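Here is how the chains run, residue by residue.
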Amino acid sequence: MTIKSSFVATLRKDPTLAGDARSFVVAGVSNVVLDLNVYGETDVSTSRPVTVAWLTWDDLASCSAHPRADEFARYLEWKREHG
């Protein structure tokens, strides 16, 4: 699974968001860690910052701070057995 770099670029340059002071984050979850360098900030003086982050299902299932970590872990185990 990948996030289209054009989607991230749109968030950075969309004129309808020009007055929006919120920070944007695009987060992805998959079975493998992706190389996120393609989504790196280019010219931050002319575009809003957008943080792109990625984690694996194993990361999510082992995150003790997440309220659904146990559920993710059970699902992940089931999925690997039956998937």
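Rules of the game
- Residues numbered from 1 in each chain as written.
- Predicted model: local features only at pLDDT ≥ 70, side-chain atom pairs only at ≥ 80, totals over all residues.
- Heavy atoms only, no water.
- Core = buried A, V, L, I, M, F, W, Y, C linked by side-chain atoms within 4.5 Å.
- Buried < 20%, exposed > 50% of the residue type's maximum accessible area, 1.4 Å probe, protein only.
- Helix = DSSP H or I, 4+ residues; strand = E, 2+ residues; numbered from the N terminus.
- pLDDT = per-residue confidence, 0-100.
- Contact = heavy atoms within 4.5 Å.
- Pairing = 2+ DSSP bridges.
- Salt bridge = Lys/Arg side-chain N within 4 Å of Asp/Glu carboxyl O.

### With respect to the nonpolar core
Within the largest apolar cluster, eight residues are counted, these being Val-8, Leu-11, Leu-17, Phe-24, Val-26, Tyr-39, Val-50 and Val-52. If you list the elements that add at least two residues to this core, you get α1 (5-13), β1 (24-30) and β2 (50-56).

### Some details on the confidence of the model for the chain
Looking at the chain, pLDDT values average 81 and 87% of them are 70 or higher. Mean pLDDT across the secondary structure elements of the chain bottoms out at α1, with 74, and peaks at helix α3 (residues 69-82), with 92.

### Side note on the environment of Asp-70
As for its placement among the helices and strands, Asp-70 is situated in helix α3. Distance from Asp-70 to Leu-60, taken between C-alpha atoms, is 9.5 Å for residues 10 residues apart in sequence.

### What about the side chain of Thr-56?
Checked against the element boundaries, Thr-56 lands in strand β2. Here Thr-56 is in contact with Val-29, Ser-30, Asn-31, Val-32 and Val-33, once residues within four sequence places are set aside.

### Section: the pairing of β1
Burial along β1 is one-sided: the face carrying Phe-24, Val-26, Gly-28 and Ser-30 is buried and the face carrying Val-25, Ala-27 and Val-29 is not. Note: β1 against β2, seven bridges, orientation parallel. Bridge pairing links Gly-28 to Trp-54 in β2.

### Looking at the pattern of salt bridges
Summed over all chains, the structure comprises three salt bridges. For Arg-22, the salt bridge goes to Asp-20, with nearest N and O atoms at 2.5 Å. Residue Arg-22 is classed as exposed on the basis of its relative accessible area of 55%. Salt-bridge contacts for Glu-71 lead to Arg-68; the nearest nitrogen and oxygen are separated by 3.8 Å. Of the residues examined, Glu-71 reaches a relative accessible area of 41% and is grouped as partly exposed.

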